[in-house]
Amino acid sequence: NQRSLYQRVGRWLNHLDYAHETEWLVVTHAGVLRCVWAWMLDLPLDNIFKIPVGYGEVLRLQLHPDPARRSILQKA
């Protein structure tokens, strides 16, 4: 279900916030990308499947332990 997917994605993103590596390349499906949007922007889960995600869409994120400093730098 979408809540468990969101929780898994959130745990993974929190882990990346504290990782020593500065850049990551991740290939995934639209459900995970929607959860990333929700996590980054604190969106209600009821609305995440309204976010259009195109085939081959790329997101470039800036992660930070402080949620106010996280951002989506590029959507292509």
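Residues numbered from 1 in each chain as written. Predicted model: local features only at pLDDT ≥ 70, side-chain atom pairs only at ≥ 80, totals over all residues. Heavy atoms only, no water.

Description of the environment of His 29
Thought 1: When you line up the elements, His 29 lands in the loop between α1 (2-17) and α2 (30-41).
Thought 2: Judged by relative accessible area, His 29 falls into the partly exposed class, the value being 47%.
Thought 3: Residues His 29 and Glu 57, 28 residues apart in the sequence, show an inter-C-alpha distance of 9.6 Å.
Thought 4: Polar contacts involving the side chain of His 29 include one to the main-chain amide nitrogen of Gly 31, which spans 3.1 Å. (Helix = DSSP H or I, 4+ residues; strand = E, 2+ residues; numbered from the N terminus. Buried < 20%, exposed > 50% of the residue type's maximum accessible area, 1.4 Å probe, protein only. Polar contact = N/O pair within 3.5 Å; in protein donor to acceptor, adjacent residues only side chain to side chain.)

Here we look at the confidence of the model for the protein chain
Thought 1: Mean pLDDT over the protein chain: 84, with 91% of residues reaching 70 or higher.
Thought 2: The secondary-structure element of the protein chain with the lowest mean pLDDT is strand β2 (residues 71-75), recorded at 77, while α2 shows the highest, at 89. (pLDDT = per-residue confidence, 0-100.)

Description of the nonpolar core
Thought 1: Core analysis: the biggest nonpolar cluster contains 18 residues, and Tyr 6, Val 9, Leu 13, Cys 35, Val 36 and Ile 48 have the highest contact counts within it.
Thought 2: Those elements that place two or more of their residues in this core are α1 and α2.
Thought 3: No other element matches the eight residues that α2 contributes to this core.
Thought 4: When sequence neighbours within four positions are dropped, the list of residues in contact with Leu 13 reads Val 36, Trp 39 and Leu 63. (Core = buried A, V, L, I, M, F, W, Y, C linked by side-chain atoms within 4.5 Å. Contact = heavy atoms within 4.5 Å.)

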